[in-house]
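Now for the letters of each chain:
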Amino acid sequence: MIVVTVIALLAAIAMPNIQRARERSQSDRMLQDLRLLNAAVDQYAIDNNKRQGQKYAWTDLQAYIKTGTQLYAAFPANGRGPTDLLGNRYRSTRIIDEPPPGSGDISLNASTFTVLSDVAPADFWSPYGVW
């Protein structure tokens, strides 16, 4: 009985730390996705002679994401933006080099930020920001 109690106590101590580590790894993954999407916008603009202020579609960026990856698979067939690990869409003005104030060309959805804000504060997402 004592052994069961000790194991239960250790599990109760470990669970919050395990959850926090999981949220932190999700944050790291989403930050990497933001970097890849931002690089895809830049590469698309260079390859297609697009200038600041010109529009792009999410489907234009898919060609610049490695096939077979989870980010590539996150692009829906209807042309809407890709989703993050929590199922919220990444945000963008879809205009080259015209981000909304306080964020980058591609930014994190505010709903995702709210869920992960305890492990990834606003400065963690810099320079992409939350929109």
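Residues numbered from 1 in each chain as written. Predicted model: local features only at pLDDT ≥ 70, side-chain atom pairs only at ≥ 80, totals over all residues. Heavy atoms only, no water.

Caption draft 1: Representation of the overall build of the protein chain. On a plain count of helices and strands, the protein chain comes out with four helices and two strands. Along the protein chain, helices (α) and strands (β) appear in the sequence α-α-α-β-β-α when read from the amino end. Radius of gyration (C-alpha) of the protein chain: 19 Å, far over the 14 Å computed for a compact globule of 131 residues. By the burial criterion, 34% of the 131 residues in the protein chain qualify as buried. If you sum the accessible surface of the protein chain, you get close to 7800 Å²; carbon and sulfur atoms cover 56% of it. Treating the 13 positive side-chain charges of the protein chain as one cloud and the 12 negative ones as another, the clouds have centres 5 Å apart. (Helix = DSSP H or I, 4+ residues; strand = E, 2+ residues; numbered from the N terminus. Rg over C-alpha atoms; globule rule 2.2 N^0.38 Å. Buried < 20%, exposed > 50% of the residue type's maximum accessible area, 1.4 Å probe, protein only. Areas by Shrake-Rupley, 256 points an atom, 1.4 Å probe, with all protein chains shown as cover. Lys, Arg positive; Asp, Glu negative; His and termini not counted. Charge placed at Lys NZ, Arg CZ, Asp CG, Glu CD.)

Caption draft 2: Up close: the packing of aromatic side chains. Taken as a whole, this structure holds three aromatic pairs when the rule is applied. Ring centres 6.4 Å apart and planes at 65 degrees place the aromatic pair Trp58 and Phe75 in the edge-to-face group. Note that Trp58 is positioned in helix H2 (residues 58-62) and Phe75 in the loop between helix H3 (70-73) and strand E1 (91-92), a separation of 17 residues in sequence. Residue classification places Phe75 among the buried positions, given a relative accessible area of 8%. Judged by centre distance (4.9 Å) and plane angle (90 degrees), the ring pair of Phe124 and Trp125 falls under edge-to-face. Using a relative accessible area of 16% as the deciding quantity, one classes Phe124 as buried. The exposure class of Trp125 is buried, given its relative accessible area of 0%. (Phe/Tyr/Trp six-rings, centres within 6.5 Å; stacked < 30°, edge-to-face > 60°.)

Caption draft 3: Broad picture of the nonpolar core. Judged by nonpolar contacts, the single largest core of 25 residues is most densely connected at Leu34, Leu37, Leu61, Tyr90, Ile106 and Trp125. Residue assignment for this core shows that the elements contributing at least two residues are helix H1 (2-47), H2 and helix H4 (110-116). Per-element tally for this core: the top contributor is H1, with eight residues. When neighbours within four sequence positions are excluded, Tyr90 is seen to be in contact with Met30, Asp33, Leu34, Leu37, Trp58, Leu71, Pro82, Thr83, Asp84, Ile106, Ser107 and Leu108. (Core = buried A, V, L, I, M, F, W, Y, C linked by side-chain atoms within 4.5 Å. Contact = heavy atoms within 4.5 Å.)

Caption draft 4: Region of interest: H1. Here H1 contains 46 residues, and its C-alpha end-to-end distance of 67 Å stays within 8% of the 68 Å for a straight helix at 1.5 Å per residue. The largest bend along H1 reaches roughly 30 degrees and is located at Ala14, with the proline Pro16 sitting one to four residues downstream. At the exit of H1 stands Asn49, carrying a positive phi of roughly 50 degrees. (Expected span 1.5 Å × (residues − 1). Bend = angle between axes of the 7 residues up to and from the residue.)

Caption draft 5: Quick peek at the side chain of Glu23. Following the sequence through the fold, Glu23 ends up in helix H1. One buried charged residue, Glu23, remains without a salt bridge, the closest side chain of opposite sign being Arg20 at 5.9 Å. Filtering out sequence-adjacent residues up to four positions away, Glu23 remains in contact with Val115, Leu116, Asp118 and Val119. (Salt bridge = Lys/Arg side-chain N within 4 Å of Asp/Glu carboxyl O.)

Caption draft 6: Structural detail: a nonpolar patch on the surface. Together, Ile2, Val6, Leu9, Leu10 and Ile13 line one region of the surface with nonpolar side chains, adding up to about 520 Å² of accessible area. Among the secondary structure elements, Val6 is positioned in helix H1. (Patch = residues over 30% accessible without salt bridge, like charges linked within 9 Å, V, L, I, M, F, W, Y side chains within 5 Å.)

Caption draft 7: Molecular detail of the side chain of Thr112. Mapping Thr112 onto the fold places it in helix H4. At 2.5 Å, the side chain of Thr112 forms a polar contact with the side chain of Asp84. Once residues lying within four places of it in the same chain are set aside, the contact partners of Thr112 are Met30, Asp84, Leu86 and Asn88. (Polar contact = N/O pair within 3.5 Å; in protein donor to acceptor, adjacent residues only side chain to side chain.)

Caption draft 8: Quick peek at unusual backbone geometry. For the bond running from Ser126 to Pro127, omega is 5 degrees, close enough to zero to count as cis. For Pro127, the position within the fold is in the segment after H4. The backbone phi angle of Asn49 is positive, close to 50 degrees, even though this residue is not glycine. Looking at where Asn49 falls in the secondary structure, it is placed in the loop between H1 and H2.

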